[in-house]
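The chain contents come next:
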Amino acid sequence: YALELQMPFYGEGMDPIFRRRHEALRGILNGIDTAAWSPANDPYIPAHFSAKKFEGKAECKRALQEELGLEVNPDIPLVVMVTRLTDQKGMGLVTYAMDRLMSAGMEVAILGTGDQKYEDALRYFNDRYGNHMAARLQFDVALSHRMYAGADMFLMPSEFEPCGLSQMISMRYGTLPIVRETGGLKDTVVQFDRSDPDKGNGFLFYEYNAHEMMYALKRALAAYGNLREWRQLIFTAMHSDFSWTRSA
């Protein structure tokens, strides 16, 4: 984000100042409360788990599918968003691509409130796609924990994102992020690469369009179909350090 602030699109008219003072400009990541966001002892989720004892995540997924009225099937990849429903959060891409998301063979669940046009669109998709799409247009802390814990993937296609917390939280719960390569998302999510599988902890796309987003999702689905790759990705993601200790 410190680099992006020096560009006209992100600088909001202040980019000449940021460019002139670039030697004094540093980006500092946010951190998350790793005690509050911990799958090993989270009071909001139906089963606890960790990177070493992972069995509880399957129960979290089953319970979440049941709670949201989705098809209860461990083999269907479940993609979630916990977000404000705004242009900045990439909701335009998501609503444009929803039909393609559904035809790709996944379940989608979205929690949040925001712009009326996106709330209306999600109500429509919720009704149209029955037990493969769930929209919860509300603010619900407990449900957000259950969604982070029960999902397979977390979609975050932001237009811009100074840092972002959701991708950090999702990785704590072994839910792999699919994000746009911008700001703090680029700083925290490492692209999965089969040639070096130990480093990746998620999937990225650069261009802000629905086709690029779908391409990243399809790469994630391909990895999901390979149990060894997927477990390695989860292991790496859950061991990523996004605590305030590291940031400070």
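Residues numbered from 1 in each chain as written. Predicted model: local features only at pLDDT ≥ 70, side-chain atom pairs only at ≥ 80, totals over all residues. Heavy atoms only, no water.

Now for the overall build of the protein chain. The helix and strand tally for the protein chain stands at 11 helices and six strands. Counting only C-alpha atoms and orienting by the principal axes, one finds that the protein chain spans roughly 55 × 40 × 35 Å. When burial is assessed residue by residue, the protein chain has 53% of its 248 residues classed as buried. About 11,800 Å² of surface is accessible on the protein chain, with carbon and sulfur atoms providing 53% of the total. Charge centroids of the protein chain, computed over 27 positive and 32 negative side chains, lie 4 Å from each other. (Helix = DSSP H or I, 4+ residues; strand = E, 2+ residues; numbered from the N terminus. Buried < 20%, exposed > 50% of the residue type's maximum accessible area, 1.4 Å probe, protein only. Areas by Shrake-Rupley, 256 points an atom, 1.4 Å probe, with all protein chains shown as cover. Lys, Arg positive; Asp, Glu negative; His and termini not counted. Charge placed at Lys NZ, Arg CZ, Asp CG, Glu CD.)

A few words on the packing of helix H4 (residues 91-103) against helix H5 (residues 116-128). Remark: H4 packs on H5, axes separated minimally by 11 Å, with the N-to-C direction vectors making an angle of 25 degrees. In terms of orientation, H4 lies roughly parallel with respect to H5. Here the hand of the crossing between H4 and H5 comes out left-handed. Facing Met91, Gly92, Thr95, Met98 and Asp99 of H4, the residues of H5 in contact are Tyr118, Ala121, Leu122, Phe125 and Arg128. Partitioned by chemical class, the residues of the contact of H4 with H5 number six nonpolar, two polar and two charged. (Axes fitted to C-alpha atoms, helices over the stretch in contact; angles between N-to-C directions. Parallel < 35°, antiparallel > 145°, perpendicular 65-115°, else oblique. Left-handed = near helix turned anticlockwise from the far one by under 90°. Contact = heavy atoms within 4.5 Å. Nonpolar A, V, L, I, M, F, W, Y, C, P; charged D, E, K, R; others polar.)

On inspection of all chains with the given rule, the structure shows 10 aromatic pairs. Feature note: the residues Trp37, Tyr148, Phe154 and Tyr173 constitute an aromatic cluster, connected by ring pairs. (Phe/Tyr/Trp six-rings, centres within 6.5 Å; stacked < 30°, edge-to-face > 60°.)

Further remarks concern the sheet that holds strand E4 (residues 153-156). Strand order across the open sheet formed by six strands is E3-E2-E1-E4-E5-E6, with parallel pairing between neighbours. Two strands lie at the open edges of the sheet, namely strand E3 (133-136) and strand E6 (203-205), each paired on one side alone. Pairwise comparison of adjacent strand axes, ignoring direction, gives a mean angle of 15 degrees for this sheet. The strands that H4 touches are strand E1 (78-82), strand E2 (107-111), E3, E4 and E6; relative to E2, the one it contacts most, it runs at about 155 degrees. (Pairing = 2+ DSSP bridges.)

This next bit is on the pairing of E1. Within E1, five of the five residues are buried, which leaves it mostly tucked inside the rest of the structure. Side chains Leu78, Val80 and Val82 project from E1 onto one buried face, and the interleaved Val79 and Met81 project onto a second face that is buried too. Relative to E2, E1 runs parallel, the two sharing five bridges. Looking across to E2, one finds that Met81 is bridged to Ile110. Between the parallel pair E1 and E2, the chain is carried across by H4, and the sense of this crossover is right-handed. (Right-handed = clockwise from strand over helix to strand, strands pointing away.)

With that out of the way, let us pick up helix H6 (residues 141-150). The α-helix winds at 3.6 residues per turn, so residues separated by three or four positions along the chain end up facing the same way. Within H6, nine of the 10 residues are buried, leaving the element largely enclosed by the surrounding structure. In this structure Asp140 caps H6, since a side-chain oxygen of it lies 3.2 Å from the backbone nitrogen of Ala142. (Polar contact = N/O pair within 3.5 Å; in protein donor to acceptor, adjacent residues only side chain to side chain.)

Moving on: the nonpolar core. For soluble globular proteins, the rule of thumb is that nonpolar side chains tend to be buried together. Grouped together as the largest cluster of nonpolar side chains are 76 residues, with contacts concentrated most on Val94, Met98, Ile110, Leu122, Met133 and Trp230. Among the elements that make up this core, the one with the highest residue count is helix H9 (residues 210-224) (nine residues). Not counting residues within four places of it along the chain, the set of residues in contact with Ile110 comprises Met81, Leu85, Met91, Val94, Met98, Leu122, Met133, Ala134, Ala135, Arg136 and Met147. (Core = buried A, V, L, I, M, F, W, Y, C linked by side-chain atoms within 4.5 Å.)

Topologically, Asp198 is positioned in the loop between helix H8 (183-188) and E6. With 39 residues separating them in the primary sequence, Asp198 and Ala237 have C-alpha atoms 10.0 Å apart.

Once the charged atoms of two side chains with opposite charge are near each other, the side chains can pair. This structure, assessed with the given rule, holds 13 salt bridges. Here Arg123 and Glu119 are joined by a salt bridge, their closest N and O atoms 3.6 Å apart. Here the residue Arg123 and the residue Glu119 both occupy positions in helix H5, the gap between them amounting to four residues, near one helical turn. Under the relative-accessibility criterion, Glu119 is labelled buried at 12%. (Salt bridge = Lys/Arg side-chain N within 4 Å of Asp/Glu carboxyl O.)

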